[in-house]
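Understanding the architecture of this molecule
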Amino acid sequence: MSNPLTITEKIILAHTDLESCSPGDIVSARVDIALGNDITAPIAIREFDTIGVCDVFDNEKIALVPDHFVPNKDIASAKQAKTLREFAKKYNIKYYFESGEVGIEHALLPEQGIVLPGDLVIGADSHTCTYGALGAFSTGVGSTDLAYAMAFGEAWLKIPYSIKVIFDGKPNKWVSGKDLILFLIGKIGVEGANYMALEFSGTTFKYLTMADRFSISNMAIEAGAKSGIFEPDEITEEYISGRAKRDYIMYKSDPDAQYLKTLKYDTTKINPQVAFPHLPENSVDVKEASAKNIKIDQSVIGSCTNGRIEDLRIAASILKGKKIAKYTRLIVIPATPEIYLMAEKEGLIDIFMNAGGVVSTPTCGPCLGGYMGILADGERAISSTNRNFKGRMGDITSEVYLANPAVCAASAITGKISSPDEVA
Amino acid sequence: MLLKGKVFKFADNIDTDAIIPARYLNDSDPENLRKHCMEDADPSFASKVNKGDFIVAGVNFGCGSSREHAPIAIKASGVPLVIAKSFARIFYRNSFNIGLLILEADTDSIDSEDVLEVDTDKGEIKNITKNITIYAKPIPKFMAELVVAGGLMEHARKRVKKEGELKK
């Protein structure tokens, strides 16, 4: 009998020729999808061209998603997008997305059924860990790793130790996956899971959607984690049904699998969270944040963390029939064209625009201080994005507060950081 | 390898946005990235750093984005080695992949302007200014081999050559 294994160990092992593995082993693993975007893929393509292979390992297992600065924000960005387009044409890359089809990579790939449970995915983007929500092993790497994977279909990986994180109980009103992950990062710190796999479970997830799981896995990296995984269940299967166009495997951890530690939290005691500048670990209860009377200049609802239809729906439910505060900007960014169209059909775009907000085409845009909502000196934003590092969204003296879309919507209405209860 | 250089000391949690801000990521030319290296942590770094100088930091150096532009900018600045208490994992693998040396050590005793003599093979860090010697954590065998091979791309080129010869 082989050793009991975690879901992470099982997936990685299944992508090697090895019989067994242990945390700490460095292995060469086959990848099901290798991902790059308009910032990271140009370097990968430059490196790929020096390797000396005459083709990519598999044109149906590479995804090139120009989402960061597209529609092109300037001439230099246009050149980077062009690099991806030309490479995609040359090697007939199946999952290349032009403007109009393109969405934020980590919302787009699951939505289009490109990533599935049991997959091993590497992506030259730190938030590649998002697909753990589907029960895939996925992790962020660099451009050189992407170049290597595009050539050989392999990546070197260190088998991570796993930390089990259990959330039990029914979430309070306005509490979403975003709040649980901000709460966890507040507990363990931005380095709390460095090099490790977070494995999420507990009764709370029966009450939440796939969108919540995506938000949680997405921000595993903000605790330093290599991955953030959920065992797939009926909620996963419901999401995948109609999207998957190939077979997939739903792995589960063995009951006696080894964890470095197990952390257990009572979800009923958790309220919406706000992470103060300049680290995601600075999370506090929204009521505490609201009491501090923190004025905001901008509210951003979007990103790979919180730009899904569920996020837009909850924001719209708060903004419906209301106006945002004077001298405050609200920027809403549906993460994919499909989400944009759904929001349009459901009347959400009307609600955002009638409230005084603007709605952008899908892009990472302001999240990383790219474009479409950059902050001036001394300005402050509340944002449903994932990082609040110094200068992340603009000028080095600007500030970003992280929260869920409901808190961002409520704060846009009052012009200060507010709980949804204050306006609903 | 024996290295000698002057220290630029940084705090904990230096993220990749501080190492190379996203406003410069519409370009990946190492020379252009060099001009903005560490800009949001120390705006004068790019003008002050000399070839051979070291970056020394606290915990979680390179956290955040996966941008390889970060170690590329550091390497292009002429910095051959970063020493920190710990590194974020993507920055760690990127550095090895592109052949930027990094060592994990307790950096509390090191300050800006200190002159260090580092034996990277032994992990021995001699602080000439303070007359203190500290030791870095050993580098995993696989990672050390990657550095000896000249980084992941050099390894890739050798692999293509080897597989090509096998087919003949």
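Bear in mind the structure is a predicted one, so any value in this text is a computation, not a measurement.

Here's the deal with the overall build of chain B
Of the regular secondary structure elements, chain B holds seven helices and seven strands. The N-to-C order of helical and strand elements in chain B reads β-α-α-α-β-α-β-α-β-β-β-β-α-α. Relative to the compact-globule value of 15 Å for 168 residues, chain B shows a C-alpha radius of gyration of 16 Å, a close match. If one aligns the C-alpha atoms of chain B with their principal axes, the spans along those axes are about 60 × 40 × 25 Å. Residues classed as buried in chain B amount to 49% of the 168 residues present. At a minimum sequence separation of 6, the contacts of chain B that also span at least 24 residues come to 65%.

Some remarks on the environment of I132(B)
All names here are of chain B. Within the secondary structure layout, I132 lies in strand β7 (residues 132-135). The partly exposed category is assigned to I132, around which 13 C-beta atoms lie within 10 Å. Counting along the chain gives 26 residues from I132 to K158, while the straight-line C-alpha distance between them is 41 Å. Aside from chain neighbours lying at most four places away, what touches I132 is S109 and N127.

Details of the packing of helix α5 (residues 143-152) of chain A against helix α7 (residues 152-167) of chain B
Between α5(A) and α7(B), the shortest axis-to-axis distance is 9 Å and the interhelical angle comes to 15°. By the angle between their axes, α5(A) is roughly parallel relative to α7(B). Crossing geometry of α5(A) relative to α7(B) is assigned as left-handed. Here T144(A), A147(A), Y148(A) and A151(A) of α5(A) come into contact with α7(B), specifically with L152(B), M153(B) and A156(B). Looking at the contact of α5(A) with α7(B) residue by residue, the classes come out as six nonpolar, one polar and no charged.

Concerning the pairing of strand β14 (residues 298-301) of chain A
Two faces make up the sheet, and in a regular strand the side chains alternate between them. All names here are of chain A. Of the two faces of β14, the one holding Q298 and V300 and the one holding S299 and I301 are both buried throughout. Looking at chain direction, β14 and strand β15 (residues 329-332) are connected through four bridges and run parallel. Each residue of the ladder has a partner; that of S299, found in β15, is L330. The pairing of β14 with strand β17 (residues 380-383) spans three bridges and is parallel. What sits directly across from Q298, in β17, is A381.

With respect to the pairing of strand β10 (residues 227-230) of chain A
Residues and elements named next belong to chain A. The two faces of β10 match: S227 and I229 on one face and G228 and F230 on the other face are all buried. Where strand β9 (residues 197-201) and β10 come together, four bridges link them in parallel fashion. In the sheet register, A197 faces β10, and the bridge partner there is S227. Between β9 and its parallel partner β10, the chain crosses via helix α7 (residues 210-218), and the hand of that crossover is right-handed.

As for the interface of chain B and chain A
Each side of the interface is counted separately: chain B has 35 residues, and chain A has 43 residues. Of the residues forming the side of chain B that touches chain A, the biggest block, six residues, is contributed by helix α5 (residues 89-98) of chain B. Of the residues that constitute the side of chain B that touches chain A, the class distribution is 15 nonpolar, ten polar and ten charged.

Notes on the packing of helix α4 (residues 69-76) of chain B against α5(B)
All names here are of chain B. It is at 9 Å that the axes of α4 and α5 come closest, and there the two elements cross at 50°. In terms of axis orientation, α4 runs oblique to α5. Crossing angle aside, the handedness with which α4 passes α5 is right-handed. Taken together, the residues of α5 that come into contact with α4 (itself represented by A70, P71, I72 and K75) are F91, N94, S95 and I98.

Rules used throughout
Throughout, a residue's number is its position along its own chain's written sequence, starting from 1. Each chain takes a letter, starting from A, and each ligand takes a number, starting from 1, following the order in which they are written. Totals for whole chains, interfaces and linings use every residue, but because this is a predicted model, local features are given only for residues with pLDDT of at least 70 and side-chain atom pairs only at 80 or more, for both listing and counting. Comment: elements are numbered from the N terminus, with helices defined as DSSP H or I runs of at least four residues and strands as E runs of at least two. The size measure is the radius of gyration over C-alpha atoms, and the globule rule it meets is 2.2 Å times the number of residues to the 0.38 power. Three classes are used. A residue is buried when 20 or more other C-beta atoms lie within 10 Å of its own, exposed when 12 or fewer do, and partly exposed in between, with C-beta atoms placed from the backbone. Contact between residues is assigned whenever the C-beta positions, reconstructed from backbone atoms, fall within 7 Å. Each axis is a line fitted through C-alpha atoms, taken for helices only over the stretch in contact, and angles between the N-to-C directions span 0 to 180 degrees. To sort the angles, those under 35 degrees are grouped as roughly parallel, those over 145 as roughly antiparallel, those from 65 to 115 as roughly perpendicular, and the leftovers as oblique. Crossings are sorted by hand: turned counterclockwise from the far helix by less than a right angle, the near helix makes the crossing left-handed, and turned clockwise it makes it right-handed. Throughout, the ten residues Ala, Val, Leu, Ile, Met, Phe, Trp, Tyr, Cys and Pro are labelled nonpolar, Asp, Glu, Lys and Arg are labelled charged, and all others, Gly among them, are labelled polar. Any two strands with at least two DSSP bridges between them are considered paired. For a crossover, the right-handed case is the one in which the path from the first strand over the helix to the second runs clockwise, viewed with the strands pointing away from the viewer.

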